Amino acid sequence: LVDGKPMHIKGVNWNPVRRGGVHPRNVDFRGFVESDSDLMVAAGINAVRTYETIMDRDVLDILWRKRIYVLNSVYINGHVPISAIVEKVKALMDHPAILIWVVGNEWNYNGLYAGLPFPKALSTVAEAVRTIKGHDTTHPVATIHGELPSPQT
């Protein structure tokens, strides 16, 4: 529910990198937000999921002005300390474009890009979610699993 009403998410993964660029070093949210969001609106897109955190509030403002919500990835790399999540969440949790916090990207395949064994990746994802919920109880948290997870997961 968004504002007490069901929302049908029509989303796209958004990772703007210029031709010849390299992710994540050359992610350029600011450089692509205007043109890409116009295309998204024309296509009926109402949400984007990122691979890196959009920290630029101006980018979030542009997306929000076009009524595009953000599923903002705040933790995908197991080499990064979990504590790094806190600054991101606190800085952005009041922005109306933020719909969902995201943890991981097919982490069951890549071990949070750190080669973590599945049990360690699972416990790290759980810790990341607890950390987020410890600072923001109003937004849901999603995790991006690479397939339908087992009931135990």
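Notes on the structure in this doc start here.

Cut-offs used in this document
- Residues numbered from 1 in each chain as written.
- Predicted model: local features only at pLDDT ≥ 70, side-chain atom pairs only at ≥ 80, totals over all residues.
- Heavy atoms only, no water.
- Pairing = 2+ DSSP bridges.
- Helix = DSSP H or I, 4+ residues; strand = E, 2+ residues; numbered from the N terminus.
- Axes fitted to C-alpha atoms, helices over the stretch in contact; angles between N-to-C directions.
- Core = buried A, V, L, I, M, F, W, Y, C linked by side-chain atoms within 4.5 Å.
- Buried < 20%, exposed > 50% of the residue type's maximum accessible area, 1.4 Å probe, protein only.
- Contact = heavy atoms within 4.5 Å.
- Phe/Tyr/Trp six-rings, centres within 6.5 Å; stacked < 30°, edge-to-face > 60°.
- Right-handed = clockwise from strand over helix to strand, strands pointing away.
- Left-handed = near helix turned anticlockwise from the far one by under 90°.
- Nonpolar A, V, L, I, M, F, W, Y, C, P; charged D, E, K, R; others polar.
- Salt bridge = Lys/Arg side-chain N within 4 Å of Asp/Glu carboxyl O.

### Some words on the sheet that holds strand β4 (residues 98-103)
Adjacent strands of a sheet form backbone hydrogen bonds with each other and so pair up, either parallel or antiparallel.
Link 1 in the chain: Taking strand neighbours across the sheet as the criterion, the five strands line up as β1-β2-β3-β4-β5 in an open arrangement whose pairing is parallel. Either end of the sheet is taken by a strand with one partner, and the two such strands are β1 (11-14) and β5 (141-143). Shown here is a sheet whose adjacent strand axes are inclined to one another by a mean of 30 degrees, direction ignored.
Link 2 in the chain: Across three bridges, strand β2 (residues 47-50) lies against strand β3 (residues 69-75) in parallel orientation. By the bridge assignment, Ala47 is partnered in β3 with Tyr69.

### Quick look at the nonpolar core
Link 1 in the chain: Grouped together as the largest cluster of nonpolar side chains are 31 residues, with contacts concentrated most on Trp14, Ile54, Leu63, Val70 and Ile85.
Link 2 in the chain: Elements with a contribution of two residues or more to this core: α1 (29-42), α2 (57-65), β3, α3 (84-92), β4, α4 (107-115) and α5 (118-135).
Link 3 in the chain: Once residues lying within four places of it in the same chain are set aside, the contact partners of Ile54 are Trp14, Phe29, Val59, Leu60, Leu63, Val70, Asn72 and Leu92.
Link 4 in the chain: Val2, Ala47, Leu71 and Leu99 belong to the second largest nonpolar core, which has eight residues in total.

### Observations regarding the packing of aromatic side chains
Link 1 in the chain: Taken as a whole and assessed by the stated rule, the structure comprises three aromatic pairs.
Link 2 in the chain: Ring centres of Trp14 and Phe29 lie 5.1 Å apart, and the angle between their planes is 55 degrees; on these two criteria the pair is classed as tilted. Here Trp14, found in strand β1, pairs with Phe29, found in helix α1; they are 15 residues apart in sequence, far enough to count as distant.
Link 3 in the chain: The exposure class assigned to Trp14 is buried, which follows from its relative accessible area of 4%.
Link 4 in the chain: Assessed through its relative accessible area of 10%, Phe29 is described here as buried.

### Topic: the pairing of β4
Link 1 in the chain: The buried fraction of β4 amounts to six of the six residues, a majority that puts the element mostly inside the structure.
Link 2 in the chain: One ladder, built from five bridges, connects β3 with β4; its direction is parallel. Paired with Leu71 across the bridge in β4 is Ile100.
Link 3 in the chain: For the crossover from β3 across α3 to β4, the handedness is right-handed.

### What about the packing of α3 against α5?
In a pair of packed helices, the angle between the axes and the distance between the axes together describe the arrangement.
Link 1 in the chain: Across the interface, α3 lies against α5 with an axial gap of 10 Å and an inter-helix angle of 40 degrees. Every pair of crossing elements has a handedness; the one defined by α3 and α5 is right-handed. Two secondary-structure elements touch here, α3 through Ile85, Val86, Val89 and Lys90 and α5 through Ala128, Thr131, Ile132 and His135.
Link 2 in the chain: The residue inventory of the contact of α3 with α5, partitioned by class, reads five nonpolar, two polar and one charged.

### Digging into the pattern of salt bridges
Link 1 in the chain: For the coordinates displayed, the defined rule picks out seven salt bridges.
Link 2 in the chain: Among the salt bridges present, the one from Arg30 reaches Asp58, with a minimum N-O distance of 2.9 Å. Residue Arg30 is located in helix α1, and its partner Asp58 is located in helix α2; the two are separated by 28 residues in the primary sequence.
Link 3 in the chain: Its relative accessible area of 46% is what places Arg30 among the partly exposed residues.
Link 4 in the chain: Across the salt bridge formed by Asp38 and Lys66, the nearest N and O atoms sit 2.5 Å from each other. Here the residue Asp38 occupies a position in helix α1, and Lys66 occupies one in the loop between α2 and β3, the gap between them amounting to 28 residues.

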